[in-house]
Structure formats: C-alpha cells, structure tokens
There are 2 protein chains.
Amino acid sequence: MSTTIDITEETSAVAKGKAPLIATTTYSDGSKGYKKGIAIFDFLLRLGAIVAALAAAGTMGSSEQTLPFFTQFFQFRASYDDLPTFQFFVIAMSIVGGYLVLSLPFSIVLIIRPSAVAPKMLLVALDIVALTLNAAAGGAAAAVVYLAHNGNSSANWLAICQQFGDFCQKVSGAVVASFISAVALVFLVVLSGFALRRH
Amino acid sequence: MSTTIDITEETSAVAKGKAPLIATTTYSDGSKGYKKGIAIFDFLLRLGAIVAALAAAGTMGSSEQTLPFFTQFFQFRASYDDLPTFQFFVIAMSIVGGYLVLSLPFSIVLIIRPSAVAPKMLLVALDIVALTLNAAAGGAAAAVVYLAHNGNSSANWLAICQQFGDFCQKVSGAVVASFISAVALVFLVVLSGFALRRH
C-alpha cells in the first residue's frame, strides 16, 4: 500500500518539476508525516469538540430553577422544557456530540492510514452537517438567552433573569459551550479540507 | 500548463495500476472535465446562494409595520430595528451575501483553471466561515420568529403576530430564505471538498 503511494508522490513531484528524482523519497516521507500530524490533530480537536458539545447539552438539559416562594395556585419554576428553543438546543447538541463520538473510530483509522480517502470524505461531509446544526442551535439559544437577559420593550417581553438568575447562568454557559464546539468543528472541517489535498 | 497536468494524471493513474499507459489520455481528460463540471456547478450554486442571502437580508431589512391606530402618546409600530436578533440577522446575511458576490471571480478562475489549488483552498475556508455565520443567524432569527408567533406562557411573553401579521410574515420569509442559502452553502462546501481531491 505504502509503496504505491510513494510512487504517486514521487512522480507527481517530478511532473511539477519541483524536486529532482533523488530527493523524492524525503519529500514523500515529509508529506506522509504531515498527513499523520493532521490526522492526530484532527483526533484531538474531535475530543475537545465532544467535551464541549456534551457539556452544552448536559448543562442545558439539567438547567432548572424553582423559586423559594409560591402562591396557592402556582409555583414559580423555570426549566429548559418551558422554551422549545432550548429543547431543540439539547436535541441538536446531543446529536452533534453523539455523532462526534461515533466519528472517533474513523479518525483513528485516519491516524493509522493517513492516505485513506473514503473515511476522510465521509468525515468531511458529516462534519459540515454537524457544524451547521451546531451553529443553528447555538444561534437560536443565544437569541433566546439574550431575550431572557434583556427582554424587549417593543414586543413587551420582560427579562426573566432577575427572577431566575441561576437558570439564566446555566443556560448562558451552555450557549458558550456550544460556541466552543462550533469553533472546534470549523477548524476540523478546514483541516480536513487541507488534508484532502493529495500533496 | 495543461501538459503538466496531463502528465501528473497519467503517472498517478499508472502508479495506482488502474489503467494501462495507452488509455491514460482519455482518463485524464475525463478527470479534467469532471473538475470543470464541479467548478461550473459551484458557480451556479454560488449564484443561487447570493440570491437567497441577499433576499433574506433585504426582506428582513425592509420589514416594518405601523398599526392603523394609535394613542396620544404611542404609535404601534414594529420594525426589525426593535429586535437586536433581527439586526444581527441583517448584518450577518449582508456579510454572507457580500462575501459570496466577492467570491464569484475566484469561482470563475476555477472554471477556467480547474486544477488551481490556491483559490480553491481560500474559497473552502471562507465558505465554511460564511456557512457558520449563516446558520447561526438563521437559527437565531428562527428562534425569535417562533416566539413572535407563539409567545411563551412560562416566561409570560405574548405572541405579537396577532397584531403585527404582515411584519411576522415578512420576517418568516427572510428566515426561510436564509435557510435556503445555508443549504446552498452546505452543498458548496461539500462539493469543494470533493473537488480538492486531485483525482
């Protein structure tokens, strides 16, 4: 397998006239090491993204607060269940986290065989979908968190964070975690794009 | 230039043992045509994404409604200016649309020279950033539009779409347009990923 790749690298280097034939072995080895380096970095970034995505889903999923006072008919309680956007956030971030966990074996395959193309293509395509989902969920939750903090006088929506301070803090933390995971995914996709070049 | 590429394709085909030397010219031509096809499709997708992104920004930016009744102190008026999320949406979608317009020359360069690598890398990296921005803006606006339509009883936020029906319709249209542009960008990025393979 590796011999075939060596020949490819060699001949294309010659064709481009970049290196004389004698130096090609070194060039090829460098390219392979470079690919392996990218694959290892991809794996580590993926681990970071998993932690961030699952932290976001978990923090949001466990966010609820019951106020210490209540009337005869009503108890004041806030939970992520009350806002459909936060439910969407939990589902979306769980999907992203679950996908990233399932993608780890493929990432390991790419460390062992840096030149395998099929798993790389699969990962890039699915990473892009995960990134889109993550960004949409993060943006949506951020918009609602902003409303919860500041309210909106035109629409006559009052801020609820004065009453539900702990709830708001947890929810904001979840949004920050989802942004971290989105940034990690952007780097993952850009990195995979560079690794797809057969260089 | 084209001769150099032909040699590269030829020799790598030989190295992989996929085709005998005599058949390589055909193979090489097919690969080049395939890349040119991807580049043309990329250009068309980009045009579609531009229309969708600018339509989203324009629709949202022009959305306002003044109710035909008013009190002595207050006139009932809704505009995208009133909600910071919608302001962010207009800015983000304008950036995405503007970037896509500026990327057209690069896309044309790739139609003329399907094997140029530098503009392809640049486009992929910036497309990914544009996609993230687009998805976040779309998600955020969708969350607020949902609240405007349905309100939220737990947070005591009332739906405003009963009063501001036209406003809500325009805003919802803008969100749909931004989702169309996001889907176009996903295809663009996946396509560029495939085109980056030197095959």
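Everything quoted here is computed from the prediction, not taken from an experiment.

**Considerations on the pattern of salt bridges**
For the structure shown, the criterion picks out four salt bridges over all chains. Between B:Arg46 and B:Asp42 there is a salt bridge, with the nearest N and O atoms lying 2.9 Å from each other. Of this pair, B:Arg46 and B:Asp42 both sit in helix H2 (residues 24–61), four residues apart, which is roughly one turn of the helix. With respect to class, B:Arg46 is no different from B:Asp42; both count as buried. Ionic pairing is found between B:Arg46 and B:Asp127, a salt bridge with its closest N-O pair at 2.9 Å. Separated by 81 residues along the polypeptide, B:Arg46 in helix H2 and B:Asp127 in helix H4 (residues 118–150) bring together distant segments of the chain. According to the relative accessible area criterion, B:Asp127 is buried, its value standing at 0%. Overlapping salt bridges bring together A:Asp42, A:Arg46 and A:Asp127 as one network.

**A word on the confidence of the model for chain A**
Residue and element names in this part refer to chain A. The predicted model of chain A has a mean per-residue pLDDT of 82, with 80% of residues at 70 or higher. Ranking the elements of chain A by mean pLDDT puts helix H1 (residues 2–16) last, at 45, and helix H3 (residues 84–112) first, at 94. The low-confidence segment residues 1–27 (pLDDT under 50) makes 30 contacts with residues lying over four places distant or belonging to another chain. Two numbers describe this predicted complex: its pTM, 0.79, and its ipTM, 0.77.

**Things to note about the UniProt feature "transmembrane region" (unreviewed entry) in chain A**
The residues that UniProt annotates with the feature "transmembrane region" (unreviewed entry) are residues 43–61, 86–112, 124–148 and 174–196 of chain A. Secondary structure across residues 43–61 of chain A comprises 100% helix and 0% strand; the distance between its end C-alpha atoms is 27 Å.

**Considering the interface of chain B and chain A**
On the chain A side, the residues contacting the 40 residues of chain B number 40 residues. Put simply, chain B and chain A have zero salt bridges between them. Scanning the region where chain B abuts chain A turns up four residue pairs in polar contact (both at pLDDT 80 or more). For the side of chain B that touches chain A, the secondary structure elements donating two or more residues are helix H1 (2–16), helix H3 (84–112), H4 and helix H5 (165–196) of chain B. Top element by residues in the side of chain B that touches chain A is H4(B). It accounts for 14 residues.

**Describing the relation of the copies chain B and chain A**
Between the two copies of the chain lies a rotation about an axis combined with a shift along it. Least-squares fitting of chain B to chain A yields an RMSD of 0.0 Å, with the superposition described by an axial translation of 0.0 Å and a rotation of 180 degrees. Such a turn and shift between the copies fits a two-fold axis. Ranked by how close their C-alpha atoms come to the rotation axis, the residues of chain B are headed by B:Ala140, at 1.9 Å.

**Thoughts on the packing of H3(B) against H4(B)**
Residue and element names in this part refer to chain B. Following both chains from N to C, one finds H3 and H4 inclined at 155 degrees, their axes separated by 9 Å at the closest point. By the angle class used here, H3 and H4 are roughly antiparallel. In this structure, H3 crosses over H4, and the sense of that crossing is left-handed. Along the lines of polarity and charge, the residues of the contact of H3 with H4 split into 23 nonpolar, five polar and two charged.

**A word on a nonpolar patch on the surface**
A surface patch of nonpolar side chains, about 250 Å² in accessible area, is lined by A:Ile40, A:Leu44 and A:Leu47. Along the chain, A:Leu47 falls in helix H2 (residues 24–61).

Conventions adopted
Residues numbered from 1 in each chain as written. Chains lettered and ligands numbered in written order. Predicted model: local features only at pLDDT ≥ 70, side-chain atom pairs only at ≥ 80, totals over all residues. Heavy atoms only, no water. Salt bridge = Lys/Arg side-chain N within 4 Å of Asp/Glu carboxyl O. Helix = DSSP H or I, 4+ residues; strand = E, 2+ residues; numbered from the N terminus. Buried < 20%, exposed > 50% of the residue type's maximum accessible area, 1.4 Å probe, protein only. pLDDT = per-residue confidence, 0-100. Contact = heavy atoms within 4.5 Å. UniProt positions renumbered as here; feature names shortened; annotations may be inferred. Polar contact = N/O pair within 3.5 Å; in protein donor to acceptor, adjacent residues only side chain to side chain. Least-squares fit on C-alpha atoms with pLDDT ≥ 70 in both. Axes fitted to C-alpha atoms, helices over the stretch in contact; angles between N-to-C directions. Parallel < 35°, antiparallel > 145°, perpendicular 65-115°, else oblique. Left-handed = near helix turned anticlockwise from the far one by under 90°. Nonpolar A, V, L, I, M, F, W, Y, C, P; charged D, E, K, R; others polar. Patch = residues over 30% accessible without salt bridge, like charges linked within 9 Å, V, L, I, M, F, W, Y side chains within 5 Å. Areas by Shrake-Rupley, 256 points an atom, 1.4 Å probe, with all protein chains shown as cover.

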